Amino acid sequence: MAWIKERAVLVLGLLVLVYMFVPIFVVVLMSFNDPATRNVYKFDGFTMHNWLNPCEDPSMCDALGLSVRIGLLATVVATIIGTLAGFALVRWDFFGRSSSNVLIFLPMAAPEIVLGSSLLTLFVQGGFAGQLGFWTIFIAHVMFCLSFVVVTIRARLAGMNDVLEQAAADLYATPSQTFWRVTFPLVLPGILGAALLSFSLSFDDFIITNLNSGSEVTFPMYVWGVARVGLPMQVNVVGTLMLIVSLVIVLGTEVNARRRARALAT
Amino acid sequence: MAETGRRRGLTAYLLMAPAVIVLALFFVIPFYSLVAASLYEPGGSDKNGWEVTYHFANYWDAVELYWRPLVRSLVYAGAATLICLVLGYVLAYAIAFKSGRWKSLLLVLVIAPFFTSFLVRTLSWQLILADDGWIVDTLQFLHVLGDDDRLLATNFAVVMGLAYNFLPFMVLPLFASIDKIDHRLIEASGDLYSNPVVGFFKVTWPLSLPGVVSGTLLTFIPAAGDYINAELLGNTETSVIGSVIQLQATDANHPHTAAALSMILMIGILAMVLFYIRKAGTEDLL
Amino acid sequence: MSSPAEAGAEPGDGLQVRALSKSYGDFHAVRSLDLDVPRGRFYALLGPSGCGKTTTLRMVAGLEAPTSGSILLAGQDITRTKAYRRPVNTVFQNYALFPHLDIYENVAFGLRRRKVGDVKKKVDEMLELVELGAQARKKPAQLSGGQQQRVALARALINEPEVLLLDEPLGALDLKLRRSMQIEIKRIQTEVGLTFIHVTHDQEEAMTMADTVAVMNSGVIEQQGSPAELYENPRSTFVANFLGQSNLIEGTVKTPAADVVTVDMHGIDVSIPADRAHTDGGKGWIGIRPEKVLIGDAGAELDAPGNTIPGGVVTDVSFIGVSTQYLVRMPWGQELQVFAQNTGRTKIHSVGDQVELSWRPEYAFLLDHAQDVHAGSQEEGA
């Protein structure tokens, strides 16, 4: 009894964590489902079929490919632009700095539906209603990923002491040597984290994309479309793969950090 | 003594320029487009063009037609935020104070579900709450639910889906705040004759308020605009403002309605957020 | 206020700072500072936090641009030279070791930037000098504070700079480690023969390590000289209080003679050698270090020709082993400190005892009355 009382909060917390994982278990389970009919969404039997034939519905893989392409492109652009801005905001003093901080913050504080509909209004007013597609999705994704990148980089830089850069200058490193040999390697984990965040935001976005995609279909839009008519189980394969890939990346860095900590102790 | 001096110079503008241009072109200007569109003459069409006639009645017409989904959105978002706050606080507290060396692993687990597609996760709930699923069966067996009652396609399912999907946005800021609290302060309150409950409300809770404020905002704002949960887990009676905006925005005859509703949603959220922040600034939040 | 250190120093040798100033808006961190550090010196800039010593150091390093004035190093004007072009290296306050590089690469950093050959041999030698040869491939976070300190020192030393700057280098270490590092750094300085400028707020550290100490206050050097010179003959109340402790007693100058000044101290004449009198006449502060004051029973014969002050009452006695520290209330109401060496031959007084104090005239000093009597004292919140 005392044991439980001691750990009540921890047990409750773990229950909440279980709640967070229940649908994930279902996703993983359903990726092995052998459905009896396409209309009833329940577990009927185990099969590897979905994993071995991921592109049974070619339009799903097309949608997946589009999402990956847009995700990579938007991530590269948003990460570069956002990293530059993060440096400006932390390391430089300039007129308009605090207004820039507000400008960066606002897109994160607006609901997606408002961002999406206002962007659509602009495209329509600008006469691009007929050209909605890859590039309008790309623009939308760069726009909403950008703020998250800036915030991540800014946090990383703010936590980094600029004494290290002074030390490099003191040790005969020119400004460009200082940047490439000291600043950049130290900010790199933050940049990679921002890129990972940016990719997953872009890959997963539905509401903004749905308004600005024209006839293009991204993976979330594909799922939305087939949700009513019966979901191919391969969707769960994709969901499981996304989880595995991101867990490998995140846990990889975690293990690395732990190993370093252990080396420190010896 | 050492100056943490920021550098001055034009380079800052060069670094800042791309981000400012992107946000100006695709965030600020669209917002003006939205304001303009919300004041269109309603009789226009994509063929004949739209004219800004400062037709403020668009706002009133939109509210009159769609006040139900609007209120529903805010209520759903509010309820989901409250649930998130309770669940998120327990989890964040457990991770911050009770998890020992597993702290960082647990934090990874909090964000892990976030990496599986939002839509796929929400569809899983469809399956879990399905009429012939084991949860409904069990609840019916226990007579918590009547034989004809269901979970899917109810208000409950929508709120639960929202709470589920936005929980990480609550847990992370809460964790950041709670983790910073010096454990000795809580011991000191115990030393000064507070029982654990009093100690929590007099020490832990007030010190975690910054996390509570940012967590609730990060949960409430996206939840108020979301329509995925309402569409996938609700029914025709649970339609929310996001769905309406989506439909009207893509309907060639109603861009002004979509724009006016977007503006109203923004203003509504802004008003609630400002009110809330003012409250949270004082002890009234307790 | 400041006096050029060694008149004999050749121009163009070592570091010369002329009329150096730095202000941030209305705040003047450093005011028209002159400094001469001959080559090979171990020079300490000592002062409380906020006195401008770190700003001075950073201007010499090139990390901060002076508002006005000039800095000459080995005859070259480096006032506007970029930090990375100056033959100056710094040991930073919290070491500022590059966390992503191992110890070897940290130490090699400066050599590699200057494309100096034979990096391996030099780094190995340097790591040997600071006794860290075995740690070469570890990351800074894996070392202890003292080891990190030595890496920071090695990383700067290996470049054989004209001047090596140390910014509170031992501040992060515990007391015991600090003592041994003080001796270690002093040994290395003697071995390599480079010019060291050491910034610290710890007067004991400055006196232990440096051969010349400059006491800095409010952006100005109050006095500089050897540790003994500063301690025995302070020129200002700030130096008298900041370096050790002093009794400062109000007095009026009676006869400003050529060799000895006579001062009326609350009705008693005390004499002070003219070279220790740093005031022009009128009122002044008579200063005497507590350990220079002799204490004896009222009317007893004391071995102190000159100044004898009767009428004291002991108000506090602290026995601390090597000495006994007394507080003695004087007839004019002031409490004076007296440290009596525990030689075993002197009597230990108790609270309430009637005593008289005396000191040899050559130990006393006389300071300008215009100065704040509490400047630089511990109670001021240094």
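Residues numbered from 1 in each chain as written. Chains lettered and ligands numbered in written order. Predicted model: local features only at pLDDT ≥ 70, side-chain atom pairs only at ≥ 80, totals over all residues.

Identification of chain C as Spermidine/putrescine import ATP-binding protein PotA from Nocardioides silvaticus is taken from an unreviewed UniProt entry. Per its UniProt entry, chain C bears the Subunit (unreviewed entry) comment "The complex is composed of two ATP-binding proteins (PotA), two transmembrane proteins (PotB and PotC) and a solute-binding protein (PotD)." The UniProt entry for chain C carries the following text under Sequence similarities (unreviewed entry): "Belongs to the ABC transporter superfamily. Spermidine/putrescine importer (TC 3.A.1.11.1) family." (UniProt positions renumbered as here; feature names shortened; annotations may be inferred.)

The name given to chain A in an unreviewed UniProt entry is ABC transporter permease, and the organism recorded there is Nocardioides silvaticus. Regarding chain A, the UniProt comment filed under Sequence similarities (unreviewed entry) reads as follows: "Belongs to the binding-protein-dependent transport system permease family. CysTW subfamily." Looking at chain A in UniProt, the text filed under Subcellular location (unreviewed entry) is "Cell membrane".

Next up on the list: the interface of chain A and chain B. The partner chain B presents 68 residues to the 69 residues of chain A that form the contact. Along the lines of polarity and charge, the residues of the side of chain A that touches chain B split into 50 nonpolar, twelve polar and seven charged. In this structure, strand 1 (residues 92-93) of chain A lies alongside strand 1 (residues 7-8) of chain B, joined through two bridges in parallel fashion. Directly across from A:D93, in strand 1 of chain B, lies its bridge partner B:R8. (Contact = placed C-beta atoms within 7 Å. Nonpolar A, V, L, I, M, F, W, Y, C, P; charged D, E, K, R; others polar. Pairing = 2+ DSSP bridges. Helix = DSSP H or I, 4+ residues; strand = E, 2+ residues; numbered from the N terminus.)

With that out of the way, let us pick up the nonpolar core. Membership of the largest hydrophobic core comes to 138 residues, with the highest contact counts inside it found for A:L146 and B:A92. Two domains each donate at least three residues to this core, and these are domain 1 (60-226) and domain 2 (233-266) of chain A. Discounting chain neighbours no more than four positions away, the residues touching A:L146 are A:A78, A:I81, A:G82, B:A19, B:V22 and B:L23. Ranked by size, the runner-up nonpolar core spans 106 residues in total, among them A:A173, C:C51, C:L194 and C:A210. (Core = buried A, V, L, I, M, F, W, Y, C linked by C-beta atoms within 7 Å. Buried ≥ 20, exposed ≤ 12 C-beta atoms within 10 Å, placed from the backbone. Domains from an automatic or database assignment.)

Residues and elements named next belong to chain A. On the UniProt side, "transmembrane region" (unreviewed entry) is annotated at positions that read residues 9-32, 70-90, 102-126, 132-157, 178-201 and 221-252 here. Along residues 9-32 one finds 92% helix and 0% strand; the C-alpha atoms at either end are 35 Å apart. Along residues 132-157 the backbone is 92% helical and 0% strand, and the end-to-end C-alpha distance reaches 37 Å.

Next up on the list: the domain arrangement of chain A. All names here are of chain A. Taken as a whole, chain A is organised into domain 1 (60-226) and domain 2 (233-266). Contact with domain 1, which involves six residues of that partner, is made by five residues of domain 2. Every element with two or more residues in the side of domain 1 that touches domain 2 is listed here: helix 3 (58-91), helix 8 (175-204) and helix 10 (219-227). Counted by class, the side of domain 1 that touches domain 2 contains five nonpolar, one polar and no charged residues.

This brings us to the UniProt feature "domain: ABC transmembrane type-1" (unreviewed entry) in chain A. Taking the UniProt record as the reference, the feature "domain: ABC transmembrane type-1" (unreviewed entry) is found at residues 64-253 of chain A. The span residues 64-253 of chain A shows a helical share of 81% and a strand share of 1%, and its end C-alpha atoms are spaced 26 Å apart.

Another aspect to go through is the domain arrangement of chain C. Quoted interface sizes are often the accessible area lost when the parts come together. All names here are of chain C. Splitting chain C by domain gives domain 1 (15-232) and domain 2 (239-380). Here the C-alpha centre of domain 2 lies 38 Å away from the C-alpha centre of domain 1. Taken residue by residue, the interface counts seven residues in domain 1 and five residues in domain 2. At the level of elements, strand 9 (212-217), strand 10 (220-225) and helix 7 (227-232) are the ones that each hand at least two residues to the side of domain 1 that touches domain 2. Here the side of domain 1 that touches domain 2 is built from residues that sort into three nonpolar, three polar and one charged.

This part takes up the packing of helix 10 (residues 241-250) of chain B against helix 11 (residues 255-280) of chain B. Residue and element names in this part refer to chain B. The contact between helix 10 and helix 11 brings their axes to 7 Å, and the two run at 150 degrees. For the element pair helix 10 / helix 11, the angle class is roughly antiparallel. Here helix 10 runs over helix 11; the crossing is left-handed. The segment helix 10 lies against helix 11, with I241, V244, I245, Q248 and A249 engaging P255, T257, A258, L261, S262 and L265. (Axes fitted to C-alpha atoms, helices over the stretch in contact; angles between N-to-C directions. Parallel < 35°, antiparallel > 145°, perpendicular 65-115°, else oblique. Left-handed = near helix turned anticlockwise from the far one by under 90°.)

Right, let's get into the environment of A:G130. Structurally, A:G130 is set in the loop between helix 5 (112-125) and helix 6 (134-158). As for A:G130 and A:V150, which are separated by 20 residues in sequence, their C-alpha atoms are 32 Å apart.

Positioned with a positive phi, B:Y54 is a non-glycine residue whose angle comes to about 50 degrees. Position of B:Y54 among the secondary structure elements: in the loop between helix 1 (11-38) and helix 2 (57-98). Accessibility expressed as a C-beta count within 10 Å gives 11 for B:Y54, which makes it exposed. With a phi angle near 40 degrees, C:E168 is a residue other than glycine that sits in the positive phi range. When the 21 C-beta atoms within 10 Å are taken as the criterion, C:E168 is described as buried.

Residue and element names in this part refer to chain C. Strand order in the open sheet formed by four strands is 2-1-4-5, with antiparallel pairing between adjacent strands. The sheet is open, and its two borders are formed by strand 2 (27-37) and strand 5 (76-77), each paired with just one other strand. Judged from the two bridges that link them, strand 4 (residues 68-73) and strand 5 form a sheet pairing that is antiparallel. If you follow L72 over to strand 5, its bridge partner there is D77. Across the sheet, helix 1 (residues 53-61) touches strand 1 (15-24), strand 2 and strand 4, and the angle it forms with strand 1 is around 115 degrees.

Turning to the pairing of strand 6 (residues 88-91) of chain C, a few remarks are in order. All names here are of chain C. Across the two faces of strand 6 the burial is the same, with V88 and T90 and N89 and V91 all buried. Bridge count for strand 6 against strand 7 (residues 163-167) is four bridges, and the pairing is parallel. Following the sheet pairing, N89 is matched in strand 7 by L164.

Summary statistics for chain A give a mean pLDDT of 88 and a share of 92% for residues scoring 70 or more. Across chain A, element-level confidence peaks in helix 3 of chain A with a mean pLDDT of 95 and bottoms out in helix 11 (residues 234-265) of chain A with 78. (pLDDT = per-residue confidence, 0-100.)

Residues and elements named next belong to chain C. With antiparallel pairing, the five strands of this open sheet are ordered in space as 15-19-16-17-18. Every interior strand has two partners, whereas the edge strands, strand 15 (294-297) and strand 18 (335-341), have only one. In this sheet, neighbouring strand axes are inclined to one another by 45 degrees on average, regardless of whether the strands run parallel or antiparallel. The sheet contact formed by strand 16 (residues 307-319) and strand 17 (residues 323-329) spans six bridges and is antiparallel. Following the sheet pairing, F319 is matched in strand 17 by T324.

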